[in-house]
Amino acid sequence: MLTYDILIVGSGGAGLYAALESRMEEDLQVGVLTKVYPTRSHTGAAQGGVNAALANLDPTDTWQDHWFDTVKGSDYLADQDAAEIMTREAPMVVREMEHWGCPFSRTDEGKIAQRPFGGASKPRACFSADKVGHVMLHTLYEQGIRHGVNFLNEWQVLSLMHDGQRCQGVTAINTQTGRVHTIQAKAVILATGGHGRIYWTRTSNALGNTGDGTAIAYRAGLPIKDMEFIQFHPTGLRRTGILVSEGARGEGGFLLNGLGERFMSRYAPEKMELGPRDLVSRSCETEVRAGRAGPEGEVFLDLAHLGRERILERLPQIRELCIEFEGVDPIEEPIPIKPTAHYSMGGIHTDLNGQTSIEGIYAAGEAGCVSVHGANRLGGNSLLDILIFGRRAGKHALEYARNNSFVPVDTGQEEADTQMIASMMEGDSGASIADIRRGMGNLMAEKVGVYRNGKDLESAVSELADLQEQFKTVRIQDKTKAFNTELVAALELKNMLDLAEVVAVGALERKESRGAHTREDHPERDDENWLAHTMAAMGDDGRPKLDFTPVTITEFEPKARTY
């Protein structure tokens, strides 16, 4: 049995920052378990920027401005104490990243460069051309190696273990050997990212964003929060959903419909293309529904007027992706785009230090929900979230592990997981993983997408239950143990089906429109009845049971949200 003082599951920015923080003084054994190599984690796909009120471009910017923008952007569903911590500490963590060697772009004066982003009142997104997530991920990984963090690469987590009060550890399969292991840990930090792949082909998320940590926490009895809030980014490439950074609009890109009109003047006449993502995505969908789309139901992002030199300097990766996946050079013609599932505002319920209701179990980043994003996340706040709350979770877990002993482990879980896998490997006939996955993605996109209504949501819940029944008959055709990617795909699908059901049930229950959750049959925000967090727990019948808790409001009373 492997043993760590602190085990982090997931190697994106939140996981690596938590690992680094908890290993900084090098007196505890810290491990990172990841199903990919750390530098392939989805944080590396973040393009545009990380928010911090450094006031390098606009000297009037303050963390209080950033705080208000975040709360307003959340449609007042963010917990304001959590949003205050995030925005107040933002300049500190960005400068810490700089001191660790993160290569930010620079102003002429040598300061960290900043650009405008949607929903922000001041230009505060710190960037590194259009690949800031990539450079942040590499910086954190290098520092983790330097400080002796141990990495378990290509391991898939299976179950989270606790005794009802304290953390015991996890079970996981080493995909290099196919063997299931128990890993004892005083503290476990779940940082496995979001679950955007429940939309399968209509998402900007990496293939690995299957909500593994959130799903095992849900099955282990931990509450998950605000799952119905899925952000659709307005500018995904038309055919693949690959992201075109908000930095492209921040640099001055125009959104055009099929008639060549800058349509955002209808929806956000003041902010135009720099409206928040929920508003801009709905605007794109509305143009399509009104018959003002391009030939494949797309709208367009026009960068050509920025000029060749600026595009090559500030948006080189975007240009490369457009040429590779759409055959379009943005220097010469507009980019065809559609909204794409991009970010999961909901996740494992935590306090301000990332701690869950079980001592020693933490969550951070997109897998967790400390509720700084509420119903709609602002661009540039996801990278900030992983830095701030990855750091806080690591720091708290460090003190917890120092002051507590190991809890005896339930060795029966390893046997149960081994049997579960063995049963999936027996026999040759059964439902197809690919068919179930495709069906899940299509119904989520069609019935739990940008626009939602009660009839479609009821249908989605029923169809997801059918898919879960079909999944019980799945049998793995590949019988090899080492690097069995078919088995990994089945384990990921199991996680996605559980979370997709929670998303759909939460969306059906919430009878209002707020942020990224737009109900055609309940088009108004309803603070009197729905200014509350949705808490979901798995019931005895395996179905989600919902409850609701108040939103923390400390400074900004909810009011109409206009841009």
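One can find the structure itself at the top, above this paragraph.
Residues numbered from 1 in each chain as written. Predicted model: local features only at pLDDT ≥ 70, side-chain atom pairs only at ≥ 80, totals over all residues. Heavy atoms only, no water.

Colleague: Before we go on, may I ask you to explain the side chain of Arg519 in this structure?
Modeller: Considering the arrangement of structural elements, one finds Arg519 in strand S19 (residues 518–519). Since its relative accessible area comes to 2%, Arg519 is described here as buried. Within the local environment of Arg519, its side chain forms a polar contact with the backbone oxygen of Leu508, the two atoms lying 3.0 Å apart. (Helix = DSSP H or I, 4+ residues; strand = E, 2+ residues; numbered from the N terminus. Buried < 20%, exposed > 50% of the residue type's maximum accessible area, 1.4 Å probe, protein only. Polar contact = N/O pair within 3.5 Å; in protein donor to acceptor, adjacent residues only side chain to side chain.)

Colleague: I keep staring at the sheet that holds strand S10 (residues 224–225) and nothing clicks. Help me out?
Modeller: Backbone hydrogen bonds hold the strands of a sheet together, and the pairing may be parallel or antiparallel. Ordered in space as S17-S15-S10-S20-S21, the five strands form an open sheet in which the pairing is mixed. In this open sheet, the two edge strands, each paired with only one partner strand, are strand S17 (368–369) and strand S21 (544–550). Direction of pairing for S10 relative to strand S20 (residues 532–538): antiparallel, over a ladder of two bridges. Each residue of the ladder has a partner; that of Lys225, found in S20, is Met535. (Pairing = 2+ DSSP bridges.)

Colleague: Any chance you could explain the nonpolar core here in plain terms?
Modeller: Note on soluble globular proteins: their nonpolar side chains tend to be buried together. In terms of nonpolar packing, the biggest core is built from 68 residues, with Leu160 and Met444 touching the most fellow members. Looking at this core element by element, the count peaks at 13 residues for helix H14 (residues 485–509). Met444 has contacts with Ile198, Tyr199, Gly449, Leu464, Ala500 and Val503, leaving out every residue within four places of it along the chain. Judged by nonpolar contacts, the second largest core, of 51 residues, contains Val50, Trp100, Cys102 and Ile189. (Core = buried A, V, L, I, M, F, W, Y, C linked by side-chain atoms within 4.5 Å. Contact = heavy atoms within 4.5 Å.)

Colleague: Just to check I follow, could you spell out the packing of helix H13 (residues 454–471) against H14 for this structure?
Modeller: Axes are the key here: two packed helices are described by the angle between their axes and the distance separating the axes. Interaxial distance between H13 and H14 falls to 9 Å at its minimum, and their mutual angle equals 155°. Relative to H14, the element H13 is oriented roughly antiparallel. Here the hand of the crossing between H13 and H14 comes out left-handed. Side by side, H13 and H14 meet where Gly454, Leu457, Glu458, Val461, Leu464, Leu467, Gln468 and Phe471 of the first sit next to Ala490, Leu493, Lys494, Leu497, Asp498, Ala500, Glu501, Ala504, Val505, Ala507 and Leu508 of the second. When grouped by side-chain class, the residues that make up the contact of H13 with H14 number 13 nonpolar, two polar and four charged. (Axes fitted to C-alpha atoms, helices over the stretch in contact; angles between N-to-C directions. Parallel < 35°, antiparallel > 145°, perpendicular 65-115°, else oblique. Left-handed = near helix turned anticlockwise from the far one by under 90°. Nonpolar A, V, L, I, M, F, W, Y, C, P; charged D, E, K, R; others polar.)

Colleague: What is the right way to look at unusual backbone geometry in this model?
Modeller: Both trends apply: most residues other than glycine have a negative phi, and most peptide bonds are in trans. Here Trp200, not a glycine, exhibits a phi torsion of approximately 45°, which is positive. Counting through the fold element by element, Trp200 comes out in the loop between strand S9 (179–190) and helix H5 (212–219). We classify Trp200 as buried; its relative accessible area is 16%. Phi angles above zero are rare outside glycine, and Met272 is one such case at about 50°. In this structure, Met272 sits in the loop between strand S12 (254–256) and helix H7 (277–289).

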